[in-house]
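# A closer look at the structure
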Amino acid sequence: MPNNLNILFAASEVVPFAKTGGLADVAGALPVALEELGHKVKVVMPYYQMVKKSRKSIKDTEKSVLIEINDRIVEGKIYQSKIGKNVTVYLIENEAYYNRQELYRTTEGDYPDNAERYIFFSKAVLEVAKIFKFQPDIVHCNDWQTGLVPVLLKVKEQKNPFFENTASVFTIHNLAYQGLFWHLDMPLTNLPWSIFNQEGIEYYGNINLMKAGIVFSDVVNTVSKKYSKEIQTEEFGCGLEGVLQNRQNDLYGIVNGVDYSQWNPESDKLIKSNFSSSDLNGKKVCREDLLQEFGLKNKPSAPIIGIISRLADQKGFDLLAEQINAILQFDLFLVLLGTGEEKYHVLFKEIAKKYSKKVGIKLTFDNTVAHKIEAGSDIFLMPSQYEPCGLNQMYSLKYGTIPVVRATGGLDDTITNYNPKTGKGNGFKFKPYTGKALLSKIEEAVTVYKSKKDWKKLLVNAFECDFSWNASAREYSKLYLKALEKKSNQPLLVMV
Ligand code: ADP
């Protein structure tokens, strides 16, 4: 298999520069894993205010992109940094678009000019390739923020010899966020109205950038096999199930990996004491430290249930809200780190007050605390309504923290229910999306926790799991070849 492709990787957030969720973890790790396989990878992302706070070494390339936005030319300065050994990350700076406190939205809602911000970014991605003469075999786009890139390749650049052999891959990280904008933003794309139809980027009278990516890319994938199937159904398709069914022959699922250089209890610098599967003494120290961090007094018999999450309905907080009083009747601690919907902020503040000896909360985004929770907890809870991949369940396994999950998307693909009779399984998994099912699964986990023999076996099984990026990067290599094959068999798309 040729592992020497030129890959231009476009993402709206990349660890360690800017992160709001799992996309950033993927965009910070997959390019490095691809590089290790022998590919040449360059990443492009916006230069947000958050990037400046990351204090990474970033230098000015002294080059700029000049982007046509309707009847204006907008400049973006190109900065440069790197991840891994030699993966260049290009950061596109435009003060007006990206020098803001948040990436996409404030508590008042989405930034009103998100269409323009990401149309500009998508155009800039291809210009960067031209400026640095990096002729890509693959342009790998991620989520709606880059959904216009495959359209630009197929329409604007279709006859440009520079991109003659360039295929596009579009990865869906979360179908629920689609980049929907009113039709009057269409001139910002400088693309012909002929693509604004049902077969193109139009969606019930609006522009849909997620749909654009799905329709115009050579191949599409999601971040787990299960989710790639689920999104073709009405229940999970978020209105795009028909579009995805149309592309079912080009739709794949590749589970995300874990960046074990960041998430490994043996080397993690953010936790109180390192530990390993063969010496769990450090995990006890981390437990003490975690309880202290959340102002709780240790009670050795009680397992700690950890949660790190966006506080959104997607993550199953409606079930948790329904059952929280019943759950807290068990002998356990609950520690929660998260930000999101106001109603959940209110709820957890109340719960933390009511059960002050058992519940600790931090309603903020804090990477260090996230590591402490992974290390110090016994159980990790992810009762998601849907979950494209989910990363924390995989991080948890590495830290000997047993996941309790709902059987959906990547959670279903990575977690198997523990069976005391056979000693097989790496966690606890429930199927129906009901409070009752959640409660009884937590009860099961807490009961098994009390059996030392079973818990030891569970820990062994958890520690044996390997979700390193290498395997997933190999899958992506194969996917790129499929995209190239697809592209070479396609006639030019003439749309004017
Ligand atoms: P999603 O991308 O849907 O939010 P994922 O499980 O794919 O969910 O990834 C979430 C990532 O964001 C994980 O790395 C998780 O640890 C991190 N994360 C989520 N909320 C917080 C928070 N409040 N503080 C620190 N890290 C968080």
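Conventions and cut-offs
Residues numbered from 1 in each chain as written. Predicted model: local features only at pLDDT ≥ 70, side-chain atom pairs only at ≥ 80, totals over all residues. Heavy atoms only, no water. 1 Å grid on protein atoms, 1.4 Å probe; cavity = no way out; pocket = protein on both sides within 12 Å on 5 of 7 lines; lining within 4 Å. Points joined across faces, edges and corners; volume = space filled by probe spheres on them. Helix = DSSP H or I, 4+ residues; strand = E, 2+ residues; numbered from the N terminus. Axes fitted to C-alpha atoms, helices over the stretch in contact; angles between N-to-C directions. Parallel < 35°, antiparallel > 145°, perpendicular 65-115°, else oblique. Left-handed = near helix turned anticlockwise from the far one by under 90°. Contact = heavy atoms within 4.5 Å. Nonpolar A, V, L, I, M, F, W, Y, C, P; charged D, E, K, R; others polar. Buried < 20%, exposed > 50% of the residue type's maximum accessible area, 1.4 Å probe, protein only. Arc of directions from axis to C-beta. Near = heavy atom within 4 Å. Polar contact = N/O pair within 3.5 Å; in protein donor to acceptor, adjacent residues only side chain to side chain. Areas by Shrake-Rupley, 256 points an atom, 1.4 Å probe, with all protein chains shown as cover. Domains from an automatic or database assignment. Pairing = 2+ DSSP bridges. Salt bridge = Lys/Arg side-chain N within 4 Å of Asp/Glu carboxyl O. Buried area = accessible area lost by both parts, 1.4 Å probe.

In this section: the layout of surface pockets. If you add up the space inside the second largest pocket, you get close to 780 Å³. Taken together, 21 residues form the lining of the second largest pocket, with Lys284, Asp378, Tyr449, Trp455 and Leu459 sitting closest to its centre. Secondary structure elements with two or more residues in the lining of the second largest pocket: α9 (281-293), α15 (435-450) and α16 (452-464). Tallying contributions element by element places α16 first for the lining of the second largest pocket, with six residues.

Turning our attention to the packing of helix α10 (residues 317-327) against α15. α15 packs onto α10 with a crossing angle of 45° between their chain directions and a minimal axis gap of 9 Å. Looking at the two axes, α10 sits oblique to α15. Here the hand of the crossing between α10 and α15 comes out right-handed. On α15, the residues touching Leu319, Leu320, Glu322, Gln323, Ala326 and Ile327 of α10 are Gly435, Lys436, Leu438, Leu439 and Ile442. Counted by class, the contact of α10 with α15 contains seven nonpolar, two polar and two charged residues.

Here the focus is α10. Within the span of α10, buried status applies to Phe317, Leu319, Leu320, Gln323, Ile324 and Ile327. Here the buried residues of α10 occupy an arc of 150° about the axis, which is enough to place them on one side. Looking at the buried residues of α10, the elements they touch are β15 (304-311), β16 (333-340), α11 (342-354), β18 (379-382), β20 (428-430) and α15.

Looking now at the site of the ligand. Close to the ligand lie 18 residues; Gly22, Asp25, Arg310, Lys315 and Thr364 are nearest. Within the side chain of Asp25, an N or O atom sits 2.8 Å from an oxygen atom of the ligand. Coverage of the ligand by the protein chains reaches 93% of its 570 Å² of free accessible surface. At the level of elements, α1 (22-37), β15, β16 and α13 (392-398) are the ones that each hand at least two residues to the shell around the ligand. Here the shell around the ligand takes three residues from β15, the largest share from any one element. Taken together, the residues that form the shell around the ligand break down as six nonpolar, seven polar and five charged. Split by domain, the shell around the ligand shows at least three residues from each of two domains, domain 1 (6-257 + 470-488) and domain 2 (281-465).

Another aspect to go through is the sheet that holds β18. Strands sit in the order β17-β16-β15-β18-β19-β20 across an open sheet of six strands; the sheet is parallel. Among the strands making up the open sheet, the edge pair consists of β17 (359-362) and β20. Sheet twist, expressed as the average angle between the axes of neighbouring strands with direction ignored, equals 15°. With four bridges connecting them, β18 and strand β19 (residues 402-406) associate as parallel partners. In the strand pairing of β19, Met382 is matched with Val405. Strands β15, β16, β18 and β20 of the sheet are contacted by α10, whose axis makes an angle of about 135° with β15. Sheet contacts for α15: β15, β18, β19 and β20; angle to β20, the most-contacted strand, approximately 165°.

Quick look at the pattern of salt bridges now. Tallied over the entire structure, the rule returns 23 salt bridges. For Lys372, the salt bridge goes to Asp289, with nearest N and O atoms at 3.1 Å. Taken together, the residues Lys372 in helix α12 (residues 367-376) and Asp289 in helix α9 connect sequence positions 83 residues apart. Accessibility assignment for this pair places Lys372 and Asp289 in one class, buried. Two residues, Lys362 and Glu293, come together in a salt bridge whose shortest N-O distance is 3.5 Å. With a gap of 69 residues between them, Lys362 in strand β17 and Glu293 in helix α9 connect regions that are remote in the sequence. Look at the salt bridges and you will find they share partners, linking Glu127, Lys130, Lys156 and Glu157 into a network.

What follows covers the sheet that holds strand β4 (residues 72-83). A sheet is described by the order of its strands in space; here nine strands give the open sequence β3-β4-β5-β2-β1-β8-β9-β13-β14, paired in mixed fashion. Of all the strands in the sheet, the pair left with one neighbour each is β3 (59-69) and β14 (251-253). Taking the axes of each pair of neighbouring strands and ignoring which way they run, one obtains an average angle of 25° across the sheet. Looking at chain direction, strand β2 (residues 40-46) and strand β5 (residues 87-93) are connected through five bridges and run parallel. Across the sheet, the residue bridging to Val44 is Tyr90, located in β5.

To continue, consider the pairing of β5. The side chains of a regular strand alternate between both faces of the sheet. Most of β5 sits inside the fold, with seven of its seven residues counted as buried. Neither face of β5 is exposed, since Val87, Val89, Leu91 and Glu93 on one face and Thr88, Tyr90 and Ile92 on the opposite face are all buried. Sheet topology note: the β4/β5 ladder contains seven bridges and is antiparallel. Across the sheet, residue Tyr79 finds its bridge partner in β5, namely Leu91. Between β4 and β5, which pair antiparallel and follow one another directly, the connecting turn spans three residues, one of which, Gly84, has a positive phi of 60°.

On domain assignment, one finds that the protein chain holds domain 1 (6-257 + 470-488) and domain 2 (281-465). Centre-to-centre, using C-alpha coordinates, domain 1 lies 33 Å away from domain 2. The junction of domain 1 with domain 2 conceals about 1300 Å² of combined surface from both sides, 55% of it contributed by carbon and sulfur atoms. Summed over the shared surface of domain 1 and domain 2, the result is one salt bridge. Between Asp412 and Lys226 there is a salt bridge; the shortest N-O distance is 2.6 Å. At the level of elements, α1 and α7 (225-230) are the ones that each hand at least two residues to the side of domain 1 that touches domain 2. The leading source of residues in the side of domain 1 that touches domain 2 is α7, at four residues. Class assignment of the residues belonging to the side of domain 1 that touches domain 2 gives a composition of six nonpolar, seven polar and five charged.

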